[in-house]
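Structural features, examined
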Amino acid sequence: MYRETSIIAILLAALLLLLQGCATLDRLSAVPVKDTTRATVPGIPNARFWVDADLNPLIREDLTEFEREEVEWTREGHRGLLPPANYLAISGGGDNGAFGAGLLVGWTQAGDRPTFKLVTGISTGALIAPFAFLGPEYDDTLRAVYTQVTPQDIATPRGLLAALTSDAIADNHPLFTLISKYFTQDLLARIAQEHRKGRLLFIGTTNLDARRPVVWNMGAIAEAAANHPQALELFRRILLASAAIPGEFPPVMFDVEVDGQPYQEMHVDGGAMRQVFLYPANLSDTARQEGREVFAQRVRKAYVIRNARLDPDWATVERSTLTIVGHAISALIQTQGIGDLYRLYLLAQKDGLDFNLAYIGADFTTEHQEDFDPAYMRALFDYGYQLGRKSYPWQKTPPGLTATRSP
């Protein structure tokens, strides 16, 4: 979740930009509005989906992965119905991602962490998602990323003049270096291997030109990496874009084409559209209307990890314009995140998924000194780890519908 200090800095930078009338940075032309959903990543036609438009590409991908899963199930010597399908959605939350990372590692220790058919991630959840997708063998990596990083590993503040004449108040090249360290060609080969078994890994960003959500098909991109020279770089840049807080971190520009004509899209944090997601609410209905079924006859469970608290984050607000606006935006983002949980719960009810929710409880009281404070992150990771290894009591409904948790 955005920190109030970051929001105030963004507002201040925006205000100064208006007052100074600074020139904008160069870029290729944005995709014309009429061609928005026709733009493709050269060489990887199924790299992403427009989930608020034509769902047929996503339906075709789901059906392909179902067929792959059936082949793998038979190859392993099984017969009959497919095993339960477990879905995992990981929210944004900045350094609060230490909670989700710790919970997953603790879940491994509990001995009942499943293999996930689908894993999705937004922002910090996007950085966790590939490791969660690959399973417990990457628990040590999750621990390292969320207990050993420092603010210097994430971004370098820009001076006032540089911030005014650039596209953000900080340079997140250190984060890209960190991403590049862990997301290698070998790791993409492992993701591609799992994708060929019928599993899905989706990451969300926001196309700022179009003001629309984009879901990236990371398994397909990983498969393409064996022959596509730019696939690894694309994979890394998608992760960077999903965590690019507008104004605080630079947007990520993606080169795309429409009928051979080059354009550039500007992408920022997926949390600008939503904090957590699974799949479009009308996916199953649209498929059935066209005589197709995207869900096999099987038990299906949805696990949602919200890397944030659900109780109000109380603080004295100074009587100044930027502070008031900053706290109001922070409250709006928190409320949006809770609303996303209700949306997922209704989706689970409609499509017959068993809904399970985890979040940072009010009993976690370690003080937060600064963004990506190592002491805070280590404490939060351990908090999630201890809950996970003791078999986390997953909440069966969003907040407000019931005051009890499942045993």
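Residues numbered from 1 in each chain as written. Predicted model: local features only at pLDDT ≥ 70, side-chain atom pairs only at ≥ 80, totals over all residues. Heavy atoms only, no water.

A word on helix H5 (residues 139-148). With seven of 10 residues buried, H5 lies mostly within the body of the structure. Asp139, Thr141, Leu142, Ala144, Val145, Tyr146 and Thr147 are the residues of H5 that are buried. Where H5 is buried, its residues touch helix H3 (97-110), helix H4 (124-134), helix H7 (173-182) and helix H13 (374-389). (Buried < 20%, exposed > 50% of the residue type's maximum accessible area, 1.4 Å probe, protein only. Helix = DSSP H or I, 4+ residues; strand = E, 2+ residues; numbered from the N terminus. Contact = heavy atoms within 4.5 Å.)

We now examine unusual backbone geometry. Unlike most non-glycine residues, arginine 211 shows phi in positive territory, near 55°. With respect to the helices and strands, arginine 211 occurs in the loop between strand S6 (200-207) and strand S7 (212-217). By relative accessible area, arginine 211 is classed as exposed at 69%. Positive phi, close to 60°, is recorded for phenylalanine 372, a residue that is not glycine.

Within the structure shown, the criterion is met by 26 salt bridges. Close ionic contact of glutamate 69 with lysine 117 constitutes a salt bridge, the shortest N to O distance being 3.0 Å. One end of the pair, glutamate 69, is in helix H2 (residues 56-75); the other, lysine 117, is in the loop between H3 and strand S3 (118-122), and 48 residues separate them in sequence. The two residues glutamate 69 and lysine 117 agree in class, both being buried. For glutamate 137, the salt bridge goes to arginine 190, with nearest N and O atoms at 2.7 Å. Residue glutamate 137 is found in the loop between H4 and H5, and its partner arginine 190 is found in helix H8 (residues 185-195); the two are separated by 53 residues along the sequence. Salt bridges sharing common partners tie together Glu137, Arg190, Glu194, Lys197 and Arg199. (Salt bridge = Lys/Arg side-chain N within 4 Å of Asp/Glu carboxyl O.)

Moving on: the confidence of the model for the chain. Per-residue pLDDT for the chain has a mean of 90; in total, 92% of the residues score no lower than 70. Throughout residues 403-407 the model reports pLDDT below 50, and contacts reaching past four residues in sequence, or to other chains, amount to nine contacts. (pLDDT = per-residue confidence, 0-100.)

Direction vectors running N to C along H3 and H13 enclose 35°, while the axes themselves pass 6 Å from each other. H13 is crossed by H3, and the crossing has right-handed handedness. Contacts between H3 and H13 involve Ala98, Phe99, Ala101, Gly102, Leu103, Val105, Gly106, Trp107, Gln109 and Ala110 from the former and Met377, Leu380, Phe381, Tyr383, Gly384, Tyr385, Leu387, Gly388 and Arg389 from the latter. For the contact of H3 with H13, a count of residues per class yields 13 nonpolar, five polar and one charged. (Axes fitted to C-alpha atoms, helices over the stretch in contact; angles between N-to-C directions. Left-handed = near helix turned anticlockwise from the far one by under 90°. Nonpolar A, V, L, I, M, F, W, Y, C, P; charged D, E, K, R; others polar.)

All right, on to the packing of aromatic side chains then. For any pair of aromatic rings, geometry is given as the distance between the ring centres together with the angle between the planes. Under the criterion given, the structure shown has 18 aromatic pairs. When the ring of tryptophan 107 is compared with that of tryptophan 394, the centres are 5.1 Å apart and the planes differ by 50°; the resulting orientation is tilted. On the criterion of sequence distance, the pair formed by tryptophan 107 in helix H3 and tryptophan 394 in the segment after H13 is long-range, its members being 287 residues apart. Tryptophan 394 matches tryptophan 107 in its accessibility class, with the two residues each being buried. (Phe/Tyr/Trp six-rings, centres within 6.5 Å; stacked < 30°, edge-to-face > 60°.)

A separate point is H2. For H2, with 20 residues, the first-to-last C-alpha span of 29 Å sits near the 28 Å given by 1.5 Å per residue. For H2, every residue scored as buried is listed here: Asn56, Leu58, Ile59, Glu61, Asp62, Leu63, Glu65, Glu69, Glu72 and Trp73. Of the surrounding elements, those touching the buried residues of H2 are strand S1 (48-49), H8, S6, S7 and helix H11 (283-289). Two residues or fewer after H2 comes glycine 77, characterised by a positive phi angle close to 90°. (Expected span 1.5 Å × (residues − 1).)

Here isoleucine 169 is to be found in the loop between helix H6 (160-165) and strand S5 (170-171). Spatially, the C-alpha atoms of isoleucine 169 and threonine 156 are 9.0 Å apart, while their sequence positions differ by 13 residues.

With that out of the way, let us pick up the environment of alanine 47. Topologically, alanine 47 is positioned in the loop between helix H1 (4-20) and S1. The spatial distance from the C-alpha of alanine 47 to the C-alpha of phenylalanine 235 is 9.9 Å, given a sequence separation of 188 residues. Apart from residues no more than four positions distant in its own chain, alanine 47 is found in contact with Val41, Val215, Trp216, Asn217 and Ile221.

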